[in-house]
Amino acid sequence: MADCEKLWENVLNVVKSSTNEAIFQSFFSVVHPLLFDDDKFIIKVDSPLVADWIKQKYLSIMEDSLSDSVGTKIQLIIHCKGLQEEKNYTALKTKTPKKNNKINITNLNSNFLFSNFIIGNSNQMAHAAAYACGQNPGHSYNPLFIYGGVGLGKTHLMQAIGNAAFTKDNNLNILYISSERFVNQFIEAIQTKTLAKFREYYRSNIDVLLVDDIQFLSKKTGMQEEFFHTFNTLHNEGKQIIMTSDKSPQELKGIENRLVNRFEWGMVVDIQSPDFETRVAIINKKLEQYGQKFDEDICFYLANKVRDDVRKIEGAIIKLLGYASIQNEPVNLEMAKECLKGYVSSHTVTLELIQKSVGEFFDLRINDLKSSRRPKSISYPRQLAMYLCRNMTNNSLTEIAQSFGGKDHTTVLYACRKIEDKKNKDEILRQQLLTLEKNIIGSVKMM
Ligand code: ADP
Ligand code: MG
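Residues numbered from 1 in each chain as written. Chains lettered and ligands numbered in written order. Predicted model: local features only at pLDDT ≥ 70, side-chain atom pairs only at ≥ 80, totals over all residues. Heavy atoms only, no water.

Caption draft 1: Quick peek at the packing of helix H1 (residues 4-17) against helix H4 (residues 59-70). The interhelical angle for the contact between H1 and H4, taken along N-to-C directions, is 135°, at an axis separation of 9 Å. When the interaxial angle is binned, H1 and H4 end up oblique. Of the two possible hands of crossing, H1 and H4 adopt the one that is right-handed. Packed against H1, whose contacting residues are Leu7, Trp8, Asn10, Val11, Val14 and Val15, the element H4 presents Ile61, Met62, Ser65, Leu66, Ser69 and Val70 at the interface. (Axes fitted to C-alpha atoms, helices over the stretch in contact; angles between N-to-C directions. Helix = DSSP H or I, 4+ residues; strand = E, 2+ residues; numbered from the N terminus. Parallel < 35°, antiparallel > 145°, perpendicular 65-115°, else oblique. Left-handed = near helix turned anticlockwise from the far one by under 90°. Contact = heavy atoms within 4.5 Å.)

Caption draft 2: Region of interest: the packing of helix H8 (residues 179-191) against helix H10 (residues 221-236). At their nearest, the axes of H8 and H10 sit 11 Å apart, and the two run at 100° to each other. Considering their axes alone, H8 and H10 lie roughly perpendicular with respect to each other. Contact with H8, carried on its side by Phe182, Val183 and Phe186, involves Gly222, Met223, Glu226 and Phe227 of H10 and no other residues of that element. Its residues placed into classes, the contact of H8 with H10 shows five nonpolar, one polar and one charged. (Nonpolar A, V, L, I, M, F, W, Y, C, P; charged D, E, K, R; others polar.)

Caption draft 3: Geometry of the packing of aromatic side chains. For the structure on display, the rule yields 14 aromatic pairs. For the ring pair Phe231 and Trp265, a centre distance of 6.0 Å and an interplane angle of 55° mean the geometry is tilted. With a gap of 34 residues between them, Phe231 in helix H10 and Trp265 in the loop between helix H11 (257-263) and strand E8 (267-271) connect regions that are remote in the sequence. A relative accessible area of 0% places Phe231 in the buried class. Geometrically, the ring pair formed by Phe361 and Phe362 is edge-to-face, given 5.0 Å between the ring centres and 75° between the ring planes. For Phe362, a relative accessible area of 21% translates into the label partly exposed. A network of ring pairs unites the aromatic residues Phe182, Phe186, Phe198, Tyr201, Tyr202, Phe227, Phe231 and Trp265 as a single cluster. (Phe/Tyr/Trp six-rings, centres within 6.5 Å; stacked < 30°, edge-to-face > 60°. Buried < 20%, exposed > 50% of the residue type's maximum accessible area, 1.4 Å probe, protein only.)

Shown next as structure tokens:
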């Protein structure tokens, strides 16, 4: 009988060659072979989202690969936990008392919809998870935790979940709130001695709670305690909780472990900077919303020029349209170049550039930084470089790890934590970081 692990390795090779590396890494890291028995091959998938995705996209190539290797038809079975949780939710949901003082406050912005959200490699996993939550709140991924850099569409996706859920069932009470507002309301409740009302409001009337920019709770222990109990109450009753943050739960600083732990209970997905094709699609979609159209060369120019985040892309389009209307001429390429000439994309800080600067500073070869060699003279600059990559670019942990000779993302996470911890205690390190940042920015300006 063919060896289960060996067969699985073949399957992975086939899948790898038919998809891109980032997707492969994010999806297949949670898939493990369980059993090969006669004509069945069973895999275990730790995430229902990934299980769905694999079923839709890869089932047939995987079955073909298995059948080819074994020489007879093999059926692939995907085993996924998580469904029993759903049962608990349903049981609890039926026990939920009837709603009394209904919240019809939704704070939803009807412009943020799934239909005007452009899907690309950088956000497809987040989109898929968000979409599932919108279709079936409380029963898909709970909580859903979306993280990523500024202007990459976190609030848009979160609001789209609320809008979709509300469209499906407008009896649902859906509340969108920024963490900052949540904190302010809490403080006000303490001051006006209306904490009981505040609690009642958040814990008994909400079906879908959308909390934006949860990193704002950092170091606010009283508020974290409050949110912890709100979270538990809602979650126990099968109410959907969605949170966004600028960092992954593991990277959040100043948030209690028990909360971080809950953030990771359901699904954690990240959004990265859009790639070129996605930026072009976003530009076209935005133009469509404004009733405008640009020639392809202008779109490509814009997509190359403005890379950081989608908000900046929108800003550049608006600036260009304004410029054209003042000139009273249709937008052309020359005009676009003139109008956006002062635009410097911070995206020009690349992983390579950081590695080069750190290498020069410590008189090391880039290959040393990418190696697995452990002497402190190499491992310390490597950790500094990883830290700078994380803080000066929008690249994901996995991308950074890849650029350091294909390491694991946890190595980068460890390096970032270590440098962050030392930064406040070690003056030399702090100075080195400042100098390196200055050097890196300096070389971007020269480019
Ligand atoms: P974040 O909350 O991550 O800082 P937002 O959700 O506020 O970012 O997005 C910033 C702007 O960019 C919004 O106007 C949003 O509609 C737009 N945007 C972001 N990503 C996309 C996308 N993939 N498709 C269309 N618009 C997007
Ligand atoms: Mg936001």
